[in-house]
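# An overview of the molecular structure
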Amino acid sequence: MTMELTCFKAYDIRGELLTQLDENVAYRIGRSFAEELNAKTVVVGGDVRLTSEALKLALSAGLIDGGAKVTDLGMVGTELIYFATKHLGVDGGIEVTASHNPINYNGMKLVKRDSVPISGDTGLTAIKMRAESYDNADVEAALASYGSDNAYDENAFTQGQCRVTTLTQNSNYVTKNVMQEYVAHVTSYIDVAKLTPLKIVVNAGNGAAGPAIDAIESDFTQKGIPVSFIKVHHTPDGTFPHGIPNPLLPECRADTAKAVLEHKADFGIAWDGDYDRCFLFDAKGQFIEGYYIVGLLAQAFLAKDSDNSIIYDPRVYWNTEDIIADAGGRPVKSKTGHAFIKERMRKEDAIYGGEMSAHHYFRDFAYCDSGMIPWLLVAELISSTKTSLADMVEARIQAFPSSGEINSKLKDADAALARVLAHYEGDAVERDETDGIGLSFGNWRFNLRKSNTEPVIRLNVESRGDIALMEAKTAELLNIIRNE
């Protein structure tokens, strides 16, 4: 008997535990990955969720049965998989993670050799079809051979018990720690000796970021770097006692902001569960929209070498383009989404790419996203310019105020889009369809994108130096969008 797998998405794997994703499915994915890609060496890792270890071991069993040798990096963030895949020169890497999804979910992020992303168009669909084709009795027998007694206890799995228990006895399975090499790489993006005394709040959200921060802290201490860390929700805990870490949501920001103010910190950082995104707070505890961080990081790279391309997404971009133009760099607009950004970065050999959603991509990091490199660059900027993060960002906000992304759940998203176009299209001086619809009117513009998975429209508005205009146009657009 074969199986239909509904956990495969356009660019990764995400599913509800037991109904969409369990150890049986994880084994299928591992075996299919190895067979479909002819992968002989694969690195694996997992986040802190209670089921990640069980899924990772079942995945590893499938990889081995598919012909691969597995190197298990342990409990790590997604970017450790990106780093190790490139650094160790292996054929692929898989991180077991559900990032910021609800606690009853898990998933996987997959890359090929050199950390090239795998999407539906580049192998993920083929992996899905092959994974579905395996006979279920054969899969269960294979799992049993790795220590299962075939008595599947759903409650035990969701609490962290593993069916696969004998991998350590298999010569095709080894464990490895690459944290030291990873820290050496991410800190190489800055001159750590130039860091001035800084006090930084770090909120791991009880996710996977804590051990990475500890490793960076240890490295700084050994080198005498005067940076101190105030740690919030630091200990990895798969029960997420303070809620799923997702600082993109306003309700997830209070603890970081409070700690910044209490400790009079220079700035604060919060991460999602697998720390491939980082979110920054200034010394006033104010959350900084990811849009303005893209500009700061573009500035940091171009200050060192202006002869570079910078990739950015088309939702809001006037601030980014202005910074790139001032520095003499090459601006390149790309469709939103990690697969599109990474593909365009490789094509342009761009040194950096950024999205307003707090994904930041780096050429020397295998064109992948990192949640650690951005804050290191910001710390270097603060030290070298003797300017606070608040002052750097405030000037840009005044020059190019933006609404932030506003989502509207509707009965008919297409009808809402049609209403907006009917109202504004005739007056637009520029139309951009890189991603969604972008209309510009000289001193203000907006971008409107439909969700691919739900009846939601995402709105972004920005202006040139006119906060009142930006706010008025945002309200005007939302009235048209939501007036069904």
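A few points on the structure. (Residues numbered from 1 in each chain as written. Predicted model: local features only at pLDDT ≥ 70, side-chain atom pairs only at ≥ 80, totals over all residues. Heavy atoms only, no water.)

This part is about helix α2 (residues 52–65). Each α-helix turn comprises 3.6 residues. Residues three or four places apart therefore point the same way. Between its first and last C-alpha, α2 extends 20 Å over 14 residues, near the 20 Å set by a 1.5 Å rise per residue. For α2, the complete set of buried residues consists of S52, A54, L55, K56, L57, A58, L59, S60, A61, G62, L63 and I64. Remark: G67 follows α2 within two positions and exhibits a positive phi of approximately 105 degrees. (Helix = DSSP H or I, 4+ residues; strand = E, 2+ residues; numbered from the N terminus. Expected span 1.5 Å × (residues − 1). Buried < 20%, exposed > 50% of the residue type's maximum accessible area, 1.4 Å probe, protein only.)

Adjacent strands of a sheet pair through backbone hydrogen bonds, lying either parallel or antiparallel. Taken in spatial order, the four strands make up an open sheet running β8-β7-β9-β10, and their pairing is mixed. Looking at the sheet topology across the chains shown, the edges are occupied by β8 (227–232) and β10 (278–281). Averaged over all neighbouring strand pairs, the angle between strand axes comes to 25 degrees, with direction disregarded. For strand β9 (residues 267–271) and β10, the ladder comprises four bridges, and the chain directions are antiparallel. Each bridged residue has a counterpart across the sheet, and for G268 the counterpart in β10 is F281. Relative to the sheet, helix α8 (residues 209–223) contacts β7 (198–203), β8 and β9, its axis offset from that of β8 by approximately 160 degrees. (Pairing = 2+ DSSP bridges. Axes fitted to C-alpha atoms, helices over the stretch in contact; angles between N-to-C directions. Contact = heavy atoms within 4.5 Å.)

Within the open sheet, the six strands sit side by side as β1-β5-β4-β2-β3-β6. Their pairing is mixed. The two strands at the open ends of the sheet, each matched to only one other strand, are β1 (13–16) and β6 (173–175). Geometrically, the sheet is characterised by an average inter-axis angle of 20 degrees between neighbouring strands, direction not taken into account. In this sheet, strand β5 (residues 105–112) lies alongside β1 in antiparallel orientation, the contact comprising four bridges.

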